[in-house]
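Now for the letters of each chain:
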Amino acid sequence: MDSWRQHRSAFWAAFTAPTFWLVVFFLIPLSLLWLFSFGEKEGITGINITWTLKQYARALDPLYLGIFAKSLWMAFLTTLICLIIAFPVAIAIVFAPPKARLWLLLLIILPFWTNLLIRTYALIAVLRTRGQVNFGLEWMWEHANSFLTLVGLGSYNLLGADFEPLGMLYNNSAVLIGLVYVHLPFMVLPLYAALDRLDRSYMEASFDLGAGHIRTFRSIIIPLALPGIASGIVITFIPAMGSYLTPDLLGGTDSQMIANVIERQFKSANDWPFGAALSFILMYVTFFGLALRAVLSKREKMGGKAA
Amino acid sequence: MSWIKNPFKRDTRKNPAGPLDYYRKLWLRLAVIGTLFFLYAPIVNLIAFSFNDSRRNIVWRGFTLKYYEKAWANDSLMVAFGNSLTIALITTVFAVILGALSAYVMWRFKFPFRAVYEGGMALPIVIPEICMGVAMMVFFARVGWPTDLPYPLNLSAITIAHIAFSFPFAAIVIRARLETFNTELSESAQDLGASELQVFRNIIIPHMKPGLIAGALLSFTLSLDDFVITFFTSGPNTLTFPVKIYSMVRFSVTPEVNAASTVLIGLTLILTALALKLQNRDKELPIV
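Residues numbered from 1 in each chain as written. Chains lettered and ligands numbered in written order. Predicted model: local features only at pLDDT ≥ 70, side-chain atom pairs only at ≥ 80, totals over all residues. Heavy atoms only, no water.

**Here's the deal with the overall build of chain A**
Thinking step 1. Summing up its helical and strand segments, chain A has 12 helices and three strands in all.
Thinking step 2. Taken over C-alpha atoms, the radius of gyration comes to 26 Å for chain A, far larger than the 19 Å a tight globule of 307 residues would show.
Thinking step 3. Overall, chain A is about 85 × 65 × 35 Å in size when its C-alpha atoms are taken along their principal axes.
Thinking step 4. The buried share among the 307 residues of chain A stands at 50%.
Thinking step 5. Surface exposure of chain A reaches about 14,500 Å², of which carbon and sulfur atoms provide 68%. (Helix = DSSP H or I, 4+ residues; strand = E, 2+ residues; numbered from the N terminus. Rg over C-alpha atoms; globule rule 2.2 N^0.38 Å. Buried < 20%, exposed > 50% of the residue type's maximum accessible area, 1.4 Å probe, protein only. Areas by Shrake-Rupley, 256 points an atom, 1.4 Å probe, with all protein chains shown as cover.)

**Focus on a nonpolar patch on the surface**
All names here are of chain A.
Thinking step 1. A contiguous nonpolar surface patch, about 490 Å² in accessible area, is contributed by Trp34, Ile49, Trp51, Tyr284 and Phe287.
Thinking step 2. For Tyr284, the position within the fold is in helix 12 (residues 272-306).
Thinking step 3. Given a relative accessible area of 41%, Tyr284 falls into the partly exposed group. (Patch = residues over 30% accessible without salt bridge, like charges linked within 9 Å, V, L, I, M, F, W, Y side chains within 5 Å. Salt bridge = Lys/Arg side-chain N within 4 Å of Asp/Glu carboxyl O.)

**Some thoughts on the pairing of strand 3 (residues 46-49) of chain A**
Residue and element names in this part refer to chain A.
Thinking step 1. Here strand 2 (residues 39-42) runs beside strand 3; their pairing, made up of four bridges, is antiparallel. By the bridge assignment for strand 3, Glu40 is matched with Asn48.
Thinking step 2. Counting the residues that bridge the hairpin from strand 2 to strand 3 gives three residues, and of these Gly43 lies at a positive phi of roughly 70 degrees. (Pairing = 2+ DSSP bridges.)

**Some thoughts on the interface of chain A and chain B**
Interface size is commonly expressed as the accessible surface area that is lost when the partners come together.
Thinking step 1. Between chain A and chain B, the contact holds 90 residues from the first and 92 residues from the second.
Thinking step 2. In total, chain A and chain B occlude about 8,700 Å² of area from one another, counting both sides; carbon and sulfur atoms represent 78% of this.
Thinking step 3. For chain A, the biggest contributors to the area lost against chain B are Trp21(A), Trp113(A) and Tyr121(A); these three give 10% of the whole.
Thinking step 4. Linking chain A with chain B are one salt bridge.
Thinking step 5. One salt bridge connects Arg108(B) with Asp2(A), and the closest N-O pair in it is separated by 2.7 Å.
Thinking step 6. For the side of chain A that touches chain B, the element with the most residues is helix 1 (residues 8-36) of chain A, which contributes 19 residues.
Thinking step 7. Split into classes, the residues belonging to the side of chain A that touches chain B amount to 67 nonpolar, 12 polar and 11 charged. (Contact = heavy atoms within 4.5 Å. Buried area = accessible area lost by both parts, 1.4 Å probe. Nonpolar A, V, L, I, M, F, W, Y, C, P; charged D, E, K, R; others polar.)

**Re the environment of Phe200(B)**
Residues and elements named next belong to chain B.
Thinking step 1. Turning to its location among the elements, Phe200 is positioned in helix 8 (residues 196-225).
Thinking step 2. Exposure remark for Phe200: the relative accessible area of 16% places this residue in the buried category.
Thinking step 3. On a C-alpha basis, the gap between Phe200 and Ser186 in space is 8.4 Å, while along the polypeptide they are 14 residues apart.

**Looking at the confidence of the model for chain B**
Residue and element names in this part refer to chain B.
Thinking step 1. Residues with a pLDDT of 70 or more make up 89% of chain B, whose mean pLDDT is 84.
Thinking step 2. A low-confidence stretch, residues 1-5 stays under pLDDT 50, and its non-local contacts, those more than four residues away or across chains, total five contacts.
Thinking step 3. For residues 7-14, every residue scores under 50 in pLDDT, and the model assigns this stretch eight contacts once sequence neighbours within four places are set aside.
Thinking step 4. With pTM at 0.85, the complex prediction returns an ipTM value of 0.84. (pLDDT = per-residue confidence, 0-100.)

**With respect to the side chain of Thr159(B)**
Residues and elements named next belong to chain B.
Thinking step 1. Along the chain, Thr159 turns up in helix 6 (residues 156-178).
Thinking step 2. Relative accessible area serves as the criterion here: at 7%, Thr159 is assigned to the buried category.
Thinking step 3. Setting aside residues up to four positions removed in sequence, Thr159 forms contacts with Ile87, Ile90 and Thr91.

**Examining unusual backbone geometry**
Thinking step 1. The backbone phi angle of Tyr170(A) is positive, close to 60 degrees, even though this residue is not glycine.
Thinking step 2. Structurally, Tyr170(A) is set in the loop between helix 6 (132-150) and helix 7 (172-197).
Thinking step 3. Phi is positive for Phe113(B), close to 60 degrees, though the residue is something other than glycine.
Thinking step 4. Mapping Phe113(B) onto the fold places it in the loop between strand 1 (109-110) and helix 4 (114-126).

**Observations concerning the packing of helix 11 (residues 258-266) of chain A against helix 5 (residues 129-142) of chain B**
Thinking step 1. Across the interface, helix 11 of chain A lies against helix 5 of chain B with an axial gap of 10 Å and an inter-helix angle of 10 degrees. Considering their axes alone, helix 11 of chain A and helix 5 of chain B lie roughly parallel with respect to each other. Contact residues: helix 11 of chain A offers Ala259(A), Ile262(A), Glu263(A) and Phe266(A), while helix 5 of chain B offers Ile130(B), Val134(B), Met137(B) and Val138(B). (Axes fitted to C-alpha atoms, helices over the stretch in contact; angles between N-to-C directions. Parallel < 35°, antiparallel > 145°, perpendicular 65-115°, else oblique.)

**A look at the pattern of salt bridges**
Residues and elements named next belong to chain B.
Thinking step 1. The full count for this structure, using the stated rule, is nine salt bridges over all chains.
Thinking step 2. Arg175 is paired through a salt bridge with Glu179; the nearest N and O atoms lie 3.5 Å apart.
Thinking step 3. When salt bridges that share partners are traced, they join Arg114, Glu118, Arg175 and Glu179 into one network.

**Structural notes on the domain arrangement of chain B**
Residue and element names in this part refer to chain B.
Thinking step 1. Annotation of chain B at the domain level lists domain 1 (22-65) and domain 2 (69-280).
Thinking step 2. Put simply, the middle of domain 1 and the middle of domain 2, counted by C-alpha atoms, are 30 Å apart.
Thinking step 3. Each side of the interface is counted separately: domain 1 has nine residues, and domain 2 has 11 residues.
Thinking step 4. Interface area, domain 1 with domain 2, both sides summed: about 840 Å², of which 54% is carbon and sulfur.
Thinking step 5. Put simply, domain 1 and domain 2 have zero salt bridges between them.
Thinking step 6. Here domain 1 is connected to domain 2 by three residue pairs in polar contact (both at pLDDT 80 or more). (Domains from an automatic or database assignment. Polar contact = N/O pair within 3.5 Å; in protein donor to acceptor, adjacent residues only side chain to side chain.)

**Section: the environment of Leu85(B)**
All names here are of chain B.
Thinking step 1. If you trace the backbone, Leu85 turns up in helix 3 (residues 75-108).
Thinking step 2. With relative accessibility at 26%, the residue Leu85 sits in the partly exposed group.
Thinking step 3. Sequence separation between Leu85 and Tyr151 is 66 residues, and the spatial gap between their C-alpha atoms is 13 Å.
Thinking step 4. Beyond its immediate sequence surroundings of up to four residues, Leu85 is in contact with Phe220, Leu224 and Leu267.

**Thoughts on the packing of aromatic side chains**
By convention here, two paired aromatic rings are described through the distance between centres and the angle between planes.
Thinking step 1. With the rule as written, the count across this model stands at 41 aromatic pairs over all chains.
Thinking step 2. Geometrically, the ring pair formed by Phe20(A) and Phe25(A) is edge-to-face, given 6.3 Å between the ring centres and 90 degrees between the ring planes.
Thinking step 3. Residue class for Phe20(A) comes out partly exposed when judged on its relative accessible area of 46%.
Thinking step 4. We classify Phe25(A) as buried; its relative accessible area is 9%.
Thinking step 5. Between Phe227(B) and Phe231(B), the ring centres sit 5.1 Å apart and the planes meet at 20 degrees, which makes this aromatic pair stacked. Phe231(B) matches Phe227(B) in its accessibility class, with the two residues each being buried.
Thinking step 6. The residue whose ring lies beneath Arg58(A) is Phe274(A), and the NZ or CZ to ring-centre distance is 4.0 Å. (Phe/Tyr/Trp six-rings, centres within 6.5 Å; stacked < 30°, edge-to-face > 60°. Lys NZ or Arg CZ within 6 Å of the ring centre and 35° of its normal.)

What follows is the structure in structure tokens.
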């Protein structure tokens with residue numbers, strides 16, 4: 001690596017343009033937002049920066065605290081479900097033959113490349129009242145009913161007189177399904193990476209010493225894969241918490257998450273300072289998560305050196 | 001790649017399953033199949049029903065392309081599609097140039113506050129999309145960015161925002177490629193009298209090329225796929241594909257949306273296949 005001093009012209013030629021773009025079209029907008037979070041609304045469009053903490057104090061209102069708690073809770077559930085689904089998948093991929101492993105990884109990554117809006121829309125089509133899931137349930141219901149009639153139990157209406165389609169859309173569980181759907185690859189990949197690094201002789205030793213699969217999983221795989229698990233948790237949790245589109249399209253009136261509240265402040269409610277304060281609270285939570293991840297991965301590296 | 005010399009690789013047809021052959025365990029296979037079904041069934045369903053000859057979108061009534069014709073005849077949808085492609089193309093050009101330059105700076109030079117600089121470059125990748133979206137919206141509103149410019153300048157605000165979030169991604173991919181560069185090449189070129197610019201143009205850029213292409217494909221897909229930031233930076237008169245689909249989706253599930261979405265998925269698939277092909281040619285290149 002060269003010192004920039006020895007190659008000043010080359011350094012500045014490469015340094016200027018990207019830095020300009022980052023500063024002018026990213027850092028300045030963010031700083032503007034940060035400034036606004038200490039301001040107050042004045043009239044319809046005016047914002048007076050008075051360095052007040054009022055907007056942050058407003059975010060502590062039980063209503064907004066409740067939405068923050070809800071976002072955290074939804075992100076937590078999403079992360080938990082993703083972890084439960086992703087762990088067996090990651091184990092299967094790690095131990096798959098090389099060729100199958102590449103294909104499986106590709107299949108897990110591919111949805112990443114598909115438009116989030118399209119994926120959410122695809123879920124709506126499947127989950128709605130007249131969608132495929134209800135269609136399948138109705139089909140099963142009819143068959144179960146005709147079976148019951150066949151064995152002479154048809155007159156009791158054991159399964160209800162008519163098929164009631166499940167209202168699977170526009171509620172919290174729809175949002176949860178959507179969040180898991182979108183964030184599952186975020187969990188599989190770091191778990192895969194962690195398990196792939198794992199030294200298999202430890203597992204063999206565990207089997208040789210008579211431990212079963214569950215014991216080996218609990219005492220060998222989980223402790224050794226812990227940094228990967230932590231990393232997966234953080235990178236699933238952070239985007240899940242800040243999700244906008246999923247709760248907006250799949251959720252009902254009570255499924256609002258923090259990003260939806262932020263959007264409302266900037267669009268319909270037209271309260272930029274408050275929206276700015278909420279954005280920065282969300283960002284600070286994000287940074288906290290990232291810092292946590294950095295500390296954990298550092299610890300992992302140090303542990304690796306010690307071992 | 002480590003698995004090439006995997007000592008545990010067995011010929012699975014001849015040997016019985018060993019304790020580590022988790023891939024051959026039935027319940028793990030079921031977990032994989034179930035997960036893939038969960039991930040793909042809605043998308044396959046969406047694609048299949050774009051060809052279905054029924055508005056109800058639920059029972060198969062025969063193959064048709066009429067919803068593609070309808071989507072094609074839907075002027076605002078086509079304008080939106082054209083706008084999104086324009087944005088993605090311009091974004092790609094800028095993102096690759098800016099990404100290459102910043103990757104080069106971070107790869108080659110030692111300078112004060114280098115860690116801070118790298119952190120700043122990673123910031124657009126890590127902050128929640130909604131925060132970046134509202135920040136860009138506030139910025140363009142405050143500087144009084146004109147919203148009534150003629151095409152393609154009416155897309156400038158969205159494009160600027162897209163460049164801002166996609167060039168750091170391109171930089172990561174390009175930098176990974178640069179890490180494989182053998183600096184003896186540039187040193188010997190300089191010993192032979194090549195200038196700084198000649199070294200960059202004739203040696204470093206050709207080496208970067210697979211990274212540049214991968215970075216370009218990545219920025220193109222990122223731009224095409226973005227909804228949130230586009231949503232906040234699009235003016236009242238600019239229509240982009242995701243925003244148009246969003247407003248259509250709010251109303252109902254219609255086969256035209258399926259058809260338009262299928263086209264976009266197809267485009268993404270082609271780009272991904274291209275990227276993977278390039279990756280196979282050059283193993284060290286990370287795509288994700």
